[in-house]
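One letter stands for each residue in the lines below.
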Amino acid sequence: MDDPELDIAANRSARKYDLGDLARRVLWGVGAVLFRWTPRLLYGTRNALLRLFGAEVGHHVRIHPSATIYFPWNLSIGNWSSVGEDALIYNLGPIEIGEQVTISQRAHLCAGTHDASDPAMPLQKPPIAVHDQAWVCADAFVGPGVTVGAGAVVGARAVVVGDVEPWVVVGGNPARPIKERTLRDP
């Protein structure tokens, strides 16, 4: 039996987005430039711009201007959350970030992949959820379809390809539980 081959032509000719998404992508091309050019402390201006493009943005949210958000209409972020410098929110599918969540600098949330078992490698858009009080540390990668539980910590440079239980610290590649997260009384 011959080895099967990928059908890249089929992948490239497949319609991955409807016309509405294509129009929003073109408009966001301009909006993203405005987003990036806003001075660092103008969080409210960036939040308003994201809302204009369909994002659900809570109160007191801080998203740095160097963060990349692919599709604002696929983003929900709760009150008092933040997205750090150069973070990559690759939200081809929905990404839900809860309240009091920190997405640190250069973290990568990737809600897009391909079906590697199909020769045409069709695009898939599995959602990501990062629940309340979680922290995705610097340079960490959170893969498609992952849920990070409430209060969990994804350690620096960790690679998360499966769900993270609530109030657990994970690290490594692939990420594994390190310890429970407990908060001291103030």
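Scroll up to find the structure.
Computed from a predicted model, the values in this text were never measured in an experiment. (Residues numbered from 1 in each chain as written. Predicted model: local features only at pLDDT ≥ 70, side-chain atom pairs only at ≥ 80, totals over all residues. Heavy atoms only, no water.)

Re the pattern of salt bridges
Here is the rule we go by: The term salt bridge refers to a side-chain nitrogen of Lys or Arg lying within 4 Å of a carboxyl oxygen of Asp or Glu. Segments assigned H or I by DSSP are reported as helices when at least four residues long, segments assigned E as strands when at least two residues long, and all are numbered from the N terminus. Relative accessibility decides the category of a residue: with a 1.4 Å probe and only protein chains considered, values under 20% of the type maximum give buried, values over 50% give exposed, and everything between is partly exposed.
The tally for this structure, following the rule as stated, stands at four salt bridges. Here Arg 40 makes a salt bridge to Glu 85, at a shortest N to O gap of 3.5 Å. On the criterion of sequence distance, the pair formed by Arg 40 in the loop between helix 2 (19–37) and helix 3 (43–52) and Glu 85 in the loop between strand 5 (82–83) and strand 6 (88–90) is long-range, its members being 45 residues apart. Given the relative accessible area of 46%, Arg 40 is considered partly exposed.

What to know about the pairing of strand 18 (residues 168–171)
Formally: Pairing between strands is defined by DSSP: at least two bridges between them are needed.
In strand 18, alternate side chains face the same way, and those of Val 168 and Val 170 on one face and Val 169 and Gly 171 on the other are all buried. Bridging between strand 16 (residues 153–154) and strand 18 involves two bridges; their strand directions are parallel. Within strand 18, the position partnered with Val 153 by the bridge is Val 169. With four bridges connecting them, strand 18 and strand 19 (residues 176–180) associate as antiparallel partners.

A closer look at the environment of Arg 36
Stated precisely, the cut-off is as follows: Residue contacts follow a heavy-atom distance rule, with two residues in contact if any of their heavy atoms lie within 4.5 Å. Polar contact criterion, stated in full: a pair of N or O atoms within 3.5 Å, where within protein one must be able to donate a hydrogen and the other to accept it, and residues adjacent in sequence count only if both atoms are side-chain atoms.
If you trace the backbone, Arg 36 turns up in helix 2. What makes Arg 36 partly exposed here is its relative accessible area of 40%. Distance in space between the C-alpha atoms of Arg 36 and His 64 is 8.4 Å, their sequence separation being 28 residues. With residues up to four places along the chain from it excluded, the contact list for Arg 36 reads Pro 65, Ser 66, Ala 67 and Thr 68. One polar contact links the side chain of Arg 36 to the main-chain carbonyl oxygen of Ser 66, over a distance of 3.1 Å.

Overview of the environment of Ile 178
When you line up the elements, Ile 178 lands in strand 19. Spatially, the C-alpha atoms of Ile 178 and Arg 51 are 37 Å apart, while their sequence positions differ by 127 residues. Apart from the residues within four sequence positions on either side, Ile 178 is in contact with Val 169, Val 170 and Gly 171.

Structural notes on the side chain of Asn 74
One can find Asn 74 in the loop between strand 3 (68–69) and strand 4 (75–77). Here Asn 74 falls in the buried class, since its relative accessible area comes to 18%. Here Leu 92 takes part through its backbone oxygen, which lies 2.9 Å from a polar atom of the side chain of Asn 74. Once residues within four sequence positions are removed from consideration, Asn 74 is found in contact with Asn 91, Leu 92, Gly 93, Pro 94 and Ile 95.

Regarding the environment of Leu 6
You can see Leu 6 is positioned in the segment before helix 1 (8–13). Distance from Leu 6 to Met 121, taken between C-alpha atoms, is 7.6 Å for residues 115 residues apart in sequence. Aside from chain neighbours lying at most four places away, what touches Leu 6 is Pro 119 and Met 121.

Things to note about the state of the cysteines
Heads up, the condition is: Whenever a pair of cysteine sulfur atoms sits within 2.5 Å, that pair is classed as a disulfide.
Inspection of the entire model under this criterion finds zero disulfides. Cys 137 provides the cysteine sulfur closest to Cys 110, a residue in no disulfide bond, and the two sulfurs are 19 Å apart.

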